[in-house]
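# Commentary on secondary and tertiary structure
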Amino acid sequence: MTLQILDPRLVGGGISVAVFLGILLFLQVGRWIGRRTIRRHGEHAQTNISSLEAAVFALLGLLIAFTFSGALSRFDQRRAQVVEEANAIGTAWLRIDLLPAQAQPKLRDAFRAYVDSRIATYRLLPDIAAAKEELARSQRLQGEIWAQSVAALRLAEVRPATEVLLVPALNQMFDITSTRVAATQMHPPGIVYGMLVALALAAALLSGYQSASEKVYDWVHKIGFAAIVSLTVYVIMDIEFPRLGLVRIDAIDQILVGVRAGMQ
């Protein structure tokens, strides 16, 4: 499995700037359409679309709320997975004591190298190429750990219950690696972000149309609306990719660092 991560500083920032400029543009377009209608047919001809505008704004707010909530949920899930991996590694490390003494030193060295690699994989971000290379190294170390463990379990002095205790612990330690990689790829479909942008532009268009009869154009409120929506989109994207942007989960890696420090 490969590590694939989108850079929110580029994509999220670009989308946010596009949303900001798009909202300002659609506010102007909506106002132009409204004023054109007034010039042609008089103010009484301008349709009252306040109910439609309210419905679009309500749908926009609902979509933002669900998207934000989902991003936070995945953010917390990724932090929990770090704790889960640290616990799995700690358990497997302790169960090495069940193996014969002569098989333990080499296996413990492989464990130390593996934990170092796991820590480095996420520390290397946002250098995605380097992180992928380190991930491949950790997967090779998994193979080494498994081969050494199987060889140790075949020794004559191994107690019967050792395999039952050690093998599941190793499997759990390896499985969480795939789980964490998969978590970096779990995001809402692109159509959700597309709909969010489309609703924001539609709301701006209707709002601009509704303001056509106003004599003075209130730039402060319009720019404020555009800035709030675009900033919200950026924060959602940032939370979706917490290893690369302003919102980060690097601090939780100290749990793995603590496990490694205990491997003396």
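Residues numbered from 1 in each chain as written. Predicted model: local features only at pLDDT ≥ 70, side-chain atom pairs only at ≥ 80, totals over all residues. Heavy atoms only, no water.

Turning to the overall build of the protein chain, a few remarks are in order. In terms of regular secondary structure, the protein chain is built from eight helices and zero strands. Each helix and strand of the protein chain, placed in order from N terminus to C terminus, yields the pattern α-α-α-α-α-α-α-α. Over its C-alpha atoms the protein chain spans a radius of gyration of 27 Å, topping by over 25% the 18 Å that the globule rule assigns to 264 residues. Overall, the protein chain is about 100 × 30 × 25 Å in size when its C-alpha atoms are taken along their principal axes. Residues classed as buried in the protein chain amount to 45% of the 264 residues present. The long-range fraction of contacts in the protein chain, counting pairs at least 24 apart against all pairs at least 6 apart in sequence, stands at 84%. Only carbon and sulfur atoms are counted for the fraction: they give 64% of the accessible area of the protein chain, which is about 13400 Å². Taken together, the 26 basic and 22 acidic charged side chains of the protein chain have centroids lying 5 Å from each other. (Helix = DSSP H or I, 4+ residues; strand = E, 2+ residues; numbered from the N terminus. Rg over C-alpha atoms; globule rule 2.2 N^0.38 Å. Buried < 20%, exposed > 50% of the residue type's maximum accessible area, 1.4 Å probe, protein only. Contact = heavy atoms within 4.5 Å. Areas by Shrake-Rupley, 256 points an atom, 1.4 Å probe, with all protein chains shown as cover. Lys, Arg positive; Asp, Glu negative; His and termini not counted. Charge placed at Lys NZ, Arg CZ, Asp CG, Glu CD.)

As a further point, take the nonpolar core. Counting 28 residues, the largest nonpolar core has Ile-89, Phe-111, Ile-145, Leu-170 and Met-173 as its most contacted members. Among the elements of the structure, helix H2 (50-95), helix H3 (104-123), helix H4 (128-153), helix H5 (162-183) and helix H8 (254-261) are those that each provide at least two residues to this core. Beyond its immediate chain neighbours, meaning those up to four positions away, Ile-89 contacts Phe-111, Tyr-114, Val-115, Met-173, Leu-256, Val-259 and Met-263. (Core = buried A, V, L, I, M, F, W, Y, C linked by side-chain atoms within 4.5 Å.)

Helix H6 (residues 190-210) packs onto helix H1 (residues 11-41) with a crossing angle of 30° between their chain directions and a minimal axis gap of 6 Å. The orientation of H1 relative to H6 falls into the category roughly parallel. Helix-helix and strand crossings are classified by hand; for H1 and H6 the assignment is right-handed. Along the contact surface, H1 presents Ile-15, Val-19, Gly-22, Ile-23, Phe-26, Leu-27, Val-29, Gly-30, Arg-31, Ile-33, Gly-34 and Thr-37, while H6 presents Val-197, Ala-200, Leu-201, Ala-204, Leu-205, Ser-207, Gly-208 and Tyr-209. When grouped by side-chain class, the residues that make up the contact of H1 with H6 number 13 nonpolar, six polar and one charged. (Axes fitted to C-alpha atoms, helices over the stretch in contact; angles between N-to-C directions. Parallel < 35°, antiparallel > 145°, perpendicular 65-115°, else oblique. Left-handed = near helix turned anticlockwise from the far one by under 90°. Nonpolar A, V, L, I, M, F, W, Y, C, P; charged D, E, K, R; others polar.)

With that settled, the discussion passes to the packing of H4 against H5. At a minimum axis separation of 11 Å, H4 and H5 run at an interaxial angle of 170°. Between H4 and H5, the crossing angle belongs to the class labelled roughly antiparallel. Two secondary-structure elements touch here, H4 through Leu-135, Gln-142, Ile-145, Trp-146, Ser-149 and Leu-153 and H5 through Thr-162, Glu-163, Leu-166, Val-167, Leu-170, Asn-171, Met-173, Phe-174, Thr-177 and Val-181. For the contact of H4 with H5, the per-class residue count stands at 10 nonpolar, five polar and one charged.

The geometry of two aromatic rings is summed up by the distance between their centres and the angle between their planes. Within this structure, the stated rule accounts for three aromatic pairs. Between the aromatic rings of Phe-57 and Phe-225, the centroid separation amounts to 5.6 Å while the plane-to-plane angle is 55°, which identifies the pairing as tilted. Residue Phe-57 is found in helix H2, and its partner Phe-225 is found in helix H7 (residues 219-240); the two are separated by 168 residues along the sequence. Overall, the relative accessible area of 28% leaves Phe-57 in the partly exposed class. (Phe/Tyr/Trp six-rings, centres within 6.5 Å; stacked < 30°, edge-to-face > 60°.)

This part takes up the environment of Ile-191. You can see Ile-191 is positioned in helix H6. Residues Ile-191 and Thr-232 lie 41 residues apart in sequence; the distance between their C-alpha atoms is 17 Å.

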